[in-house]
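Here is what each chain is made of, one letter per residue.
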Amino acid sequence: TTGGNLGIATTSPGRRFAIGNLAGYVNNQISLQDGAGTERATISVETTVANDLLIAATANLRFFTGSTIGNTTTLPTNERIRISAGGTTTIMGSATTGHSSLRLGSVGDATANGTGDLYFINSNGYPSWRIRAGGSSTGALLISQSATYGSDNFTNDRVTILNGGNVGIGTTSP
């Protein structure tokens, strides 16, 4: 365009580089191929249902941060997250300390009064579980079980740890 934007499958790119989605297609935007021309990954937007971002790979999906970018013969450094082709997600720690962190709750302010939830959802006829930190006036840590098998309606608090250290099993008021 006269404004310097480049578009593929669009006549009005709104950014420096824009890729349009063809009507009726689900996954047709960016294809990443190996040296033999075999497609190994795609990046696209699914526009037929929910406008979800799709990132698909034939093997592991890896994320690197705070690292070098790498080049044609080297990988980036500082791998932080890996989602294996089998579905296992690994969060890597620092190479110097081995420490890994997963923060759940408020974004941007670690001191905010947010709630962090970790869910273990079963779809096979067994109860699901939730571990919740915060979200109550006492700042309790709660381990709860779903009321219905295979659901995520957590109404049965099984273990409560209050801010002062009191522990309750089967009670929310130890």
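Residues numbered from 1 in each chain as written. Predicted model: local features only at pLDDT ≥ 70, side-chain atom pairs only at ≥ 80, totals over all residues. Heavy atoms only, no water.

1. Section: the packing of aromatic side chains
- On inspection of all chains with the given rule, the structure shows one aromatic pair.
- Judged by centre distance (5.5 Å) and plane angle (45°), the ring pair of Tyr 119 and Phe 154 falls under tilted. You can see Tyr 119 sitting in strand 9 (residues 116–120) and its partner Phe 154 sitting in strand 12 (residues 154–161), a full 35 residues away along the chain.
- The exposure class of Tyr 119 is partly exposed, given its relative accessible area of 41%. (Phe/Tyr/Trp six-rings, centres within 6.5 Å; stacked < 30°, edge-to-face > 60°. Helix = DSSP H or I, 4+ residues; strand = E, 2+ residues; numbered from the N terminus. Buried < 20%, exposed > 50% of the residue type's maximum accessible area, 1.4 Å probe, protein only.)

2. What about the confidence of the model for the chain?
- Across the chain, pLDDT averages 77, with 77% of residues at or above 70.
- Mean pLDDT per element in the chain: strand 9 is the minimum at 79, and strand 13 (residues 167–169) is the maximum at 89. (pLDDT = per-residue confidence, 0-100.)

3. Examining the sheet that holds strand 6 (residues 61–64)
- In space, the three strands of this open sheet follow the order 6-7-8, with antiparallel pairing throughout. Lying at the two open borders of the sheet, with one neighbouring strand each, are strand 6 and strand 8 (89–91). This sheet shows a mean twist of 15° between the axes of neighbouring strands, independent of strand direction.
- Pairing of strand 6 with strand 7 (residues 79–83), which is carried by four bridges, proceeds in the antiparallel orientation. If you follow Phe 64 over to strand 7, its bridge partner there is Glu 79. (Pairing = 2+ DSSP bridges. Axes fitted to C-alpha atoms, helices over the stretch in contact; angles between N-to-C directions.)

4. Section: the pattern of salt bridges
- Under the definition given, this model contains three salt bridges.
- For Asp 34, the salt bridge is made with Arg 40, and the minimal N-O distance between the two is 2.9 Å.
- Across the salt bridge formed by Arg 62 and Glu 79, the nearest N and O atoms sit 3.4 Å from each other. Of this pair, Arg 62 sits in strand 6 while Glu 79 sits in strand 7, and the two are 17 residues apart along the sequence. (Salt bridge = Lys/Arg side-chain N within 4 Å of Asp/Glu carboxyl O.)

5. Let's talk about the environment of Arg 158
- Residue position: Arg 158 is located in strand 12.
- A relative accessible area of 34% means that Arg 158 is categorised as partly exposed.
- Measuring from C-alpha to C-alpha, the distance between Arg 158 and Thr 171 comes to 7.0 Å, with 13 residues separating the pair along the chain.

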